[in-house]
Structure formats: C-alpha cells, structure tokens
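# Results of the structural survey
Next come the chains, spelled out residue by residue.
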Amino acid sequence: MKKPAADRILMFLKMRGGATSLLIAEELSITKEGARKHLLNLAQEGWVESSMKSEGVGRPSAYYTLTEKGLGQFPDTHAEVTVQLLKSVKNILGNNALELLISDREKNSHDRYEKELSITKSLEQRLEALAKIRSEEGYMAEWKKEGEEYFLIENHCPICAAATECQGFCRAELSNFQSLIGKEYTVERIDHIISGGQRCVYKISH
C-alpha cells in the first residue's frame, strides 16, 4: 500500500518524466537514503523502474521512471466508453464522419482557447495561459524556456485511449497550438505519449 510520500514521488515522476533519488530527496525534503527506501519499495511493488543514465563525466546515475502500473495511477478519462463510441462512429458512419467529428472538436477547442488567449501579448503570456487551460482539462501542462527555444510540456493525456484509437486528435491539437502560438513561430511535437514517450512535448522556435 502506497503512503503519502510515495504518492508524491509518483506525482513528481509523472511531472518530470524521470529523476534520480537525489532530485526526489530534494523535492520531498527528505534524505537521499529515505528517498532510496521509498523508491525501492515502489520498485518492488511494480510502480517504478530504474535505468542507468550517463551525464558526462563520472559514474552513470540511476534514473527512476513510472512503469505501466505507475502510469495507470493517472487514468484516461472515460477511456473504454470513448473508444467504443469512436469505433461505432467509424463502423456505422465511416471515416469521413470521424474526421468531421475531430474537426468540430478542433474548432470548438480553438475558439475557446483563442478567447482565453486574446488578452495576452507576449509568447510567454500565451504559453502561461495555454498551460493553465490545458492543466484544467487534465493535461498537467507546464512550459519552460531553454536558450532561445520554448517548450510546452503535457505530463498527462486524459484522452490517451481516444488518441491511440484515432490519431487525428493529436494532429488537430498540434494544428491548434500552431495557430494559437502564431505564424512567426514553428511548433513541433518532439515527444509523444502514444508513441511511447513519458509525456507530450512541443518545441516552439522562430
């Protein structure tokens, strides 16, 4: 049975994609040994797994990530029902009807986001507003800047089952982000949950 500290570790790994025991200890304000004990217990119960990762000079460090069981603690929204409905639309009405459904959802989302972003002026303000909206929808979104590039990171996908069944949802979201961020920037998805990534990451650059 997981304890509160273990729950916080799972959440931290979900948000970070992976971390060392030292980073986890700092996040939880506990000793490195205490973090290791929690991680050992979580690994034995199948919630996390570790792999060695080299970071330049020195010995490789153990990086901990969530297993499928661990990722299952952040459930897809109405996954089974959604997939059944998508299959029914495709089987009864055909692929064209499914594309129309996705296009309608894309337009509704775009209009809603655009209204929220209308008061923003800078790219950073747009990213802050977009991350807030997406987090409210269950995507656990955040953004960061590295050098001259910006990244919009979604640590969870509440429609993962639907997107796996019909990748048009992901195509529509990328199209929306490009439109909302602006033509002066290029938006590229560089990591993708349904392609095996820990999270979806969008790189924004000039």
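Scroll up a little and you will see the structure.
My aim in this report is to walk through the structure given alongside it, one point at a time. (Residues numbered from 1 in each chain as written. Predicted model: local features only at pLDDT ≥ 70, side-chain atom pairs only at ≥ 80, totals over all residues. Heavy atoms only, no water.)

### What to know about the packing of helix α6 (residues 95-117) against helix α7 (residues 123-136)
Stated precisely, the cut-off is as follows: Axis angles are defined between N-to-C directions and span 0 to 180 degrees, where every axis is a line fitted to C-alpha atoms and, for a helix, only to the segment in contact. Secondary structure elements are taken from DSSP: a helix is a run of H or I of four residues or more, a strand is a run of E of two residues or more, and numbering for both begins at the N terminus. Note that the term roughly parallel is reserved for angles under 35 degrees, roughly antiparallel for angles over 145, roughly perpendicular for angles of 65 to 115, and oblique for everything else. By definition, any crossing whose near helix is turned counterclockwise from its far helix by less than a right angle is left-handed, and any crossing with a clockwise turn is right-handed. Two residues form a contact once any of their heavy atoms are found within 4.5 Å. Amino acids are sorted into nonpolar (Ala, Val, Leu, Ile, Met, Phe, Trp, Tyr, Cys and Pro), charged (Asp, Glu, Lys and Arg) and polar (every other residue, Gly among them).
Packing of α6 against α7 brings their axes to within 10 Å, and their N-to-C directions diverge by 130°. By the angle class used here, α6 and α7 are oblique. The two elements α6 and α7 meet at a crossing, and its hand is right-handed. The residues of α7 that touch α6, namely those facing Y113, E116 and L117, are R126, A129, L130, I133 and R134. Of the residues that constitute the contact of α6 with α7, the class distribution is five nonpolar, no polar and three charged.

### Describing the nonpolar core
The criterion, for reference: Here, nonpolar core means buried Ala, Val, Leu, Ile, Met, Phe, Trp, Tyr and Cys residues that are tied together by side-chain atoms lying within 4.5 Å of each other. Burial classes: relative accessible area under 20% of the type maximum marks a residue as buried, over 50% as exposed, and values in between as partly exposed (1.4 Å probe, protein chains only).
L123, L127, L130, L152, F169, I181 and I204 are the most contacted members of the largest nonpolar core, which has 34 residues in total. Of all the elements in the fold, those that place two or more residues in this core are α5 (79-93), α6, α7, β4 (149-154), α8 (160-165), α9 (168-181) and β6 (200-205). The residues touching I204, leaving out its near neighbours within four places in the chain, are L123, L127, E149, Y150, F151, L152, I181, Y185, T186 and V187. Of all hydrophobic cores here, the second largest spans 18 residues; its members include F12, I24, L66 and M140.

### A short note on the pattern of salt bridges
Rule in force here: Definition used for salt bridges: Asp or Glu carboxyl oxygen within 4 Å of a side-chain nitrogen of Lys or Arg.
Applying the stated criterion across every chain yields a total of eleven salt bridges. Where R171 meets E99, a salt bridge forms, and the shortest distance between an N and an O atom there is 2.8 Å. Placement of R171 in helix α9 and of E99 in helix α6 is noted, with a sequence separation of 72 residues between them. You can call R171 partly exposed: its relative accessible area is 48%. K203 serves as the salt-bridge partner of E188, at 3.8 Å between the closest nitrogen and oxygen. One end of the pair, E188, is in strand β5 (residues 186-191); the other, K203, is in strand β6, and 15 residues separate them in sequence. One continuous salt-bridge network, built from bridges that share partners, spans R112, R134, E137, E154 and E173.

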